Amino acid sequence: MNFILELRDLVKHYPGHRAVEGVSLSIPQGSFYSLLGPSGCGKTTTLRLIAGFEDPTSGDVLLNGEIVNHRKPYERNVSTVFQSYALFPHLTARQNIEFGLRRQGLSDVDRRVREVLELVRLTGKESRHPARLSGGERQRVALARSLVLRPEVLLLDEPMAALDPKLRKQMRLELKAMQRRVGITFLLVTHDQEEALSMSDQLAIMNAGRIEQVGSPKEVYLHPRSRFAADFLGAVNWIAGIGIRPEATRITHAAEGEVRSYPGVVENSTFLGDRIQVLVHLANGEQAVAQVSRNSSVFQPGDAVYLCWNAADEMRFA
Amino acid sequence: MNLRRWFLFPSWLWMAALFATPLAIVLAYSFLTRGVYGGIEQPWTVESYQRLFDPLYLSIYLRSIVMAIASTGFCLVLGFPAALFIASSPQHKNLYLQLVMLPFWTSFLVRTYAWLFLLRDTGLINSALQAMGIIENPLPMLYNDGAVLLGLVYGYLPFMVLPIYATLERMDPSLADAAADLGARPLATLFRVTIPLCKPGIIAGSVLVFIPSLGAYLTPDLLGGGRTVLIGNLVQNQFTTARDWPFGSAVSIILMGLVTVLVWAFLRRESENLA
Amino acid sequence: MKRWLAVYAAAFFAFLHLPLLTLAVFSFNSSQFTVWEGFSLDWYRAIVRTPQIMEGTWNSIIIALTATAISTVVGTLCAYGLWKRKSPFLTGSLYLSLVTPEIVTGIALLAMFQFVFRWLHWQLGLYTVILAHVAFSIPYVVIVVLSRLRTASPVLEEAAMDLGATEWQAFLYVTLPSLVPGIIAAALLALTVSFDDYVITSMVAGIDSETLPMVIYAMARRGASPVINAISALITVFFGLLILISERVRAAG
């Protein structure tokens, strides 16, 4: 496997703040890779180290096997899509997209711009200035601007943060399709676990400057290796030290034989549109949330029930 | 970044050559002696600084400080209501601001001369008063302390209005509403809520008026007619007519020192407030 | 209370503007005295016919244009440098030079020039005035451009470098274009400040480098004269328009 981007024991300390504490990652060429973590975990700093806006305190950044630690941003073949898109306001969309090409002095600028406009589906809007484009369109310009340079890695810093929820879901699919089409390695940084899970081939969970776990979305979601990872990737019920995801639980009126069952009392049930969430007060004093389909029987507050799950779905940590 | 260093270099050069060096020379001169023909000579001495304490000069400093305080006070009293008015006019704020700033941007000399024109014996005010029969002989309104004060206030009034306006702009309007809700009448709200909250703007405006008033030269020279001698006139006099450069330098250094201390104290307070 | 404020404001604005308006009105008075005797452009004609005034104006223009050109370039570069990384020393000295009383700046520059002339045997002249004007204009330019820069996003330059531009190219193609309105406003401010200066100029000007403010001042010290009214009116209108244009440019940018 060819690792287009490698981080080896990357450390970045600021006075009074340790942002990145020994991060090592190997990102395969052509993959959609996500760096997932809460705000302040150091993921944006890591991105900036890769892009060249910061110098590492120690450790190495390798691009295509070469150490690029001290190369300036314009000397690295990576490109960044900034969270705010950072479009140049005094230039049209086309001029923004051409910017990097013009710095390189290439000759077939027009053809490449036309191709990338088609790829991001912005053909026809290229003469507009950013102020006259919608949020989604601006994002496409930012993408086009970076993609047209055919970087070895495309870095995306919380690209969906500025879009409204409905647009986000749509963009996830488009972005994924785009990546497959161009074959460029995408490294996405986000705090939205649904985003990371739905788009990535592989993801790395980051917390307090360190990588907690690396794996495919399925692996990481079903077999988290730490409480933090479990909690961050989705909802978890912690029952007597064991973790169980709400969607893995069932509520029954009688204990079932081959599965784990816990007695409890229904506190309330909430209708969420596509499912019902039932809050159960367990016999040992803890609370758990169960998810049931909206067609299931109604549970009233005060009902005596059993919370059941399969042992295979348990998540235990030392 | 190397770029930054190249960019700052011309400014460094200019400030070093045309600001720091001249002041250093003045500092050096203040410790030297006046030559026979008005030049600069050795020996090094603190005689100039000792002469600063001569009662003749002390009265000049006192006058200058009083004048500066008076001009600041008048600017405050006159400027605050104006700032209040502008801040409470949502529609034409920018227009009013421009109206305040416009005279300021035109020539200071012209604006000072305007009062010369108005206040002189054959000027507009006297002529009008005489024509209306209110007075027989022209009032001596020019070439005295009052005229200088008027000139200073007129000249530096915008410096007071703008910082106060800026502070009022940023004030939360619901505070005045809350005061009213709790039973305060408009005047009480003004004195108990608005003005105290305006303190930063008032202090900024006062500093911006006090300092140039203290070092004023043009206004007392033109409107005071040589009778009102302030520190600025004293300095200019020493460097031209009296040809006593060491003494003039000493006065300048003291004035600079006073101004620097005031500004430093003000900036310290500002940064403390921000922290 | 609102009504009282409005009344006060009207009086306030009258106080601010009437003296200048009166000056302008009486510049058209055919009589020398403050009794209106008839409309006349005599005093304006006198401006053109007085060689001293024309020379002074010409000197002022040359000085102002040259000093503005230099101080705008130096000040813009300085503001950009300070925006990238603070230099408390430089910032402090810029602010200090702003609050230094003009008379002190004037005598200090005079002292320095005379000191240098001991060796070089040069004289005071237009060039000393220009040097002095650049020195006191730079802080104004820095303040205006820096305040404009503070509203700019440093991310844009990062994006430019990310796309392959060097630091210099990022400045040239991304930051500088957005600064143009601020630079124009700063230049107009420097122009105004330079043209209007009397105190510093009077200390460092040579014998044949009299500026318009110096001419006005000399005339004013002898007493009021309608010619000064006429000059004042012209200056006020000219710079008033200049500032209005500058505000438009700044608002549009």
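Since this is a predicted model, take the numbers as computed values, not measurements.

K.L.:
Before we go on, may I ask you to explain the overall build of chain B in this structure?
P.N.:
Helix and strand content of chain B: 13 helices and two strands. For chain B, with 275 residues in total, the buried portion stands at 43%. A separation of at least 24 residues holds for 70% of the contacts in chain B among residues at least 6 apart in sequence.

K.L.:
In this structure, what is going on with the overall build of chain A? I would like to understand it.
P.N.:
When helices and strands are counted, chain A shows eight helices and 17 strands. Oriented by its inertia axes, the alpha-carbon framework of chain A measures out at about 75 × 45 × 40 Å. Residues classed as buried in chain A amount to 39% of the 318 residues present. Counted over contacts in chain A with a minimum sequence separation of 6, partners at least 24 positions apart contribute 64%.

K.L.:
So what exactly am I meant to see when it comes to the interface of chain C and chain A here?
P.N.:
As a measure of interface size, the accessible area lost when the parts come together is often cited. Taken together, the contact pairs 14 residues of chain C with 18 residues of chain A. A total of six residues in the side of chain C that touches chain A trace back to one element, the largest contributor, which is helix α7 (residues 154-162) of chain C.

K.L.:
Just checking my understanding: could you explain the domain arrangement of chain A for this structure?
P.N.:
Split into domains, chain A comes out as domain 1 (3-225) and domain 2 (235-313). Centre-to-centre separation of domain 1 of chain A and domain 2 of chain A, based on C-alpha positions: 40 Å.

K.L.:
Sorry, what's going on with the arrangement of the chains here?
P.N.:
Ranking the two pairs of chains in contact by number of contacts places chains B and C first. Note that chain A does not reach chain B: the shortest distance linking a C-alpha of one to a C-alpha of the other is 11 Å.

K.L.:
What exactly am I supposed to notice about the sheet that holds strand β14 (residues 260-271) of chain A here?
P.N.:
Neighbouring strands of a sheet are bound in pairs by backbone hydrogen bonds; such pairs are parallel or else antiparallel. All names here are of chain A. One open sheet holds the five strands; their spatial order is β13-β17-β14-β15-β16, and the pairing between them is antiparallel. Bordering the open sheet on either side are β13 (250-252) and β16 (287-293), each of which pairs with just one other strand. Recorded for the sheet is a direction-independent mean angle of 45 degrees between the axes of neighbouring strands.

K.L.:
Teacher, can you tell me more about helix α1 (residues 2-29) of chain B here?
P.N.:
Residues that lie three or four places apart on an α-helix share one face, since the helix turns once every 3.6 residues. Residues and elements named next belong to chain B. Taking 1.5 Å per residue, 28 residues should reach 40 Å; α1 reaches 38 Å between its end C-alpha atoms and fits that length. Where α1 bends most, at alanine 16, the angle is about 35 degrees. Inspection of α1 places Phe7, Leu8, Ser11, Trp14, Met15, Leu18, Phe19, Pro22, Leu23, Ile25, Val26 and Tyr29 among the buried residues, and these make up the whole buried set.

K.L.:
Would you take a moment to explain the confidence of the model for chain B for this structure?
P.N.:
Interpreting fine coordinate detail is not advised for predicted regions of low pLDDT. Scored by pLDDT, chain B has a mean of 87; 99% of the residues are at 70 or more. What the predictor reports for the complex is a pTM of 0.82 with an ipTM of 0.88.

K.L.:
Where do I start with the pairing of strand β10 (residues 210-215) of chain A in this structure?
P.N.:
Residue and element names in this part refer to chain A. As paired elements, strand β9 (residues 202-207) and β10 share five bridges and run antiparallel to each other. Within the sheet, the bridge partner assigned to methionine 206 lies in β10 and is isoleucine 211. Hairpin remark: β9 followed by β10, antiparallel, with two residues in the connecting loop; positive phi at alanine 208, about 50 degrees.

K.L.:
I keep staring at the nonpolar core and nothing clicks. Help me out?
P.N.:
Side chains that are nonpolar tend, in soluble globular proteins, to be buried together. Ranked by internal contacts, the top residues of the largest apolar core, which has 150 residues, are Ala83 and Leu116 of chain B together with Ile107, Leu109 and Ala186 of chain C. Sorting elements by how many residues they give to this core places helix α7 (residues 145-170) of chain B first, with 16 residues. In this structure, leucine 109 of chain C is in contact with Leu18 and Pro22 of chain B together with Ala132, Ile200, Met203 and Val204 of chain C, ignoring residues within four places of it in sequence. Within the second largest apolar cluster, 75 residues are counted, among which are Ala51, Leu101 and Val220 of chain A together with Ala170 of chain C.

K.L.:
Just checking my understanding: could you explain unusual backbone geometry for this structure?
P.N.:
Most peptide bonds are trans, and most residues other than glycine sit at a negative phi. All names here are of chain A. The residue asparagine 64 is not glycine, and still its phi comes out positive at about 55 degrees. Looking at where asparagine 64 falls in the secondary structure, it is placed in the loop between β4 (58-63) and β5 (66-67). Its identity is not glycine, yet arginine 150 carries a phi of approximately 50 degrees, on the positive side.

K.L.:
When you look at the interface of chain B and chain C in this model, what are you seeing that I'm missing?
P.N.:
The partner chain C presents 66 residues to the 64 residues of chain B that form the contact. Of all the secondary structure elements, the ones that give two or more residues to the side of chain B that touches chain C are α1, α3 (55-87), α4 (93-105), α5 (108-119), α6 (124-131), α11 (218-224), α12 (231-239) and α13 (245-274) of chain B. In terms of residues, the side of chain B that touches chain C owes the most to one element, α1 of chain B, which gives 18 residues. A class-by-class count of the residues in the side of chain B that touches chain C yields 47 nonpolar, 14 polar and three charged.

K.L.:
Can you walk me through the packing of helix α3 (residues 51-84) of chain C against helix α6 (residues 126-150) of chain C in this structure?
P.N.:
The description of two packed helices rests on the angle between their axes and on the distance between the axes. Residues and elements named next belong to chain C. Contact geometry for α3 and α6: axes closest at 6 Å, N-to-C directions at 40 degrees. The orientation of α3 relative to α6 falls into the category oblique. Relative to α6, the crossing made by α3 is right-handed. Considering only residue class, the contact of α3 with α6 consists of 20 nonpolar, nine polar and no charged.

K.L.:
Explain the packing of α3 of chain B against helix α1 (residues 2-26) of chain C to me, please; I cannot follow it from the model alone.
P.N.:
In contact at an axis separation of 9 Å, α3 of chain B and α1 of chain C are set at 115 degrees when each is read in the N-to-C sense. Where α3 of chain B crosses over α1 of chain C, the handedness of that crossing is left-handed. Contacts from Pro81, Ala82, Leu84 and Phe85 of chain B in α3 of chain B reach Leu5, Ala6, Tyr8, Ala9 and Phe12 of chain C in α1 of chain C. Among the residues making up the contact of α3 of chain B with α1 of chain C, the classes are represented as nine nonpolar, no polar and no charged.

K.L.:
How do you make sense of the sheet that holds strand β1 (residues 3-14) of chain A when you look at a structure like this?
P.N.:
All names here are of chain A. With respect to topology, four strands assemble into an open sheet ordered β2-β1-β4-β5, the strand pairing being antiparallel. Lying at the two open borders of the sheet, with one neighbouring strand each, are β2 (17-28) and β5. As judged from the five bridges shared by β1 and β4, these two strands associate in the antiparallel manner. Of the residues in β4, the one forming a bridge with arginine 8 is aspartate 60.

K.L.:
Would you take a moment to explain the pairing of strand β7 (residues 153-157) of chain A for this structure?
P.N.:
Within a regular strand, side chains alternate between the sheet's two faces. Residues and elements named next belong to chain A. Among the five residues of β7, five are classified as buried, and the element is accordingly described as predominantly covered. Alternating positions in β7 separate into two faces, Val153, Leu155 and Asp157 on one and Leu154 and Leu156 on the other, with burial throughout. When strand β6 (residues 78-81) meets β7, the two strands line up parallel, connected through four bridges. Bridge assignment links valine 78 to a residue of β7, and that residue is valine 153. As defined by bridge partners, β7 adjoins strand β8 (residues 185-190) across five bridges and the pair is classed as parallel. Looking across to β8, one finds that aspartate 157 is bridged to valine 189. Where the polypeptide runs from β7 across helix α5 (residues 165-182) and back to β8, its parallel neighbour, the crossover connection is right-handed.

Analysis parameters
- Residues numbered from 1 in each chain as written.
- Chains lettered and ligands numbered in written order.
- Predicted model: local features only at pLDDT ≥ 70, side-chain atom pairs only at ≥ 80, totals over all residues.
- Helix = DSSP H or I, 4+ residues; strand = E, 2+ residues; numbered from the N terminus.
- Buried ≥ 20, exposed ≤ 12 C-beta atoms within 10 Å, placed from the backbone.
- Contact = placed C-beta atoms within 7 Å.
- Domains from an automatic or database assignment.
- Pairing = 2+ DSSP bridges.
- Axes fitted to C-alpha atoms, helices over the stretch in contact; angles between N-to-C directions.
- Expected span 1.5 Å × (residues − 1).
- Bend = angle between axes of the 7 residues up to and from the residue.
- pLDDT = per-residue confidence, 0-100.
- Core = buried A, V, L, I, M, F, W, Y, C linked by C-beta atoms within 7 Å.
- Nonpolar A, V, L, I, M, F, W, Y, C, P; charged D, E, K, R; others polar.
- Parallel < 35°, antiparallel > 145°, perpendicular 65-115°, else oblique.
- Left-handed = near helix turned anticlockwise from the far one by under 90°.
- Right-handed = clockwise from strand over helix to strand, strands pointing away.

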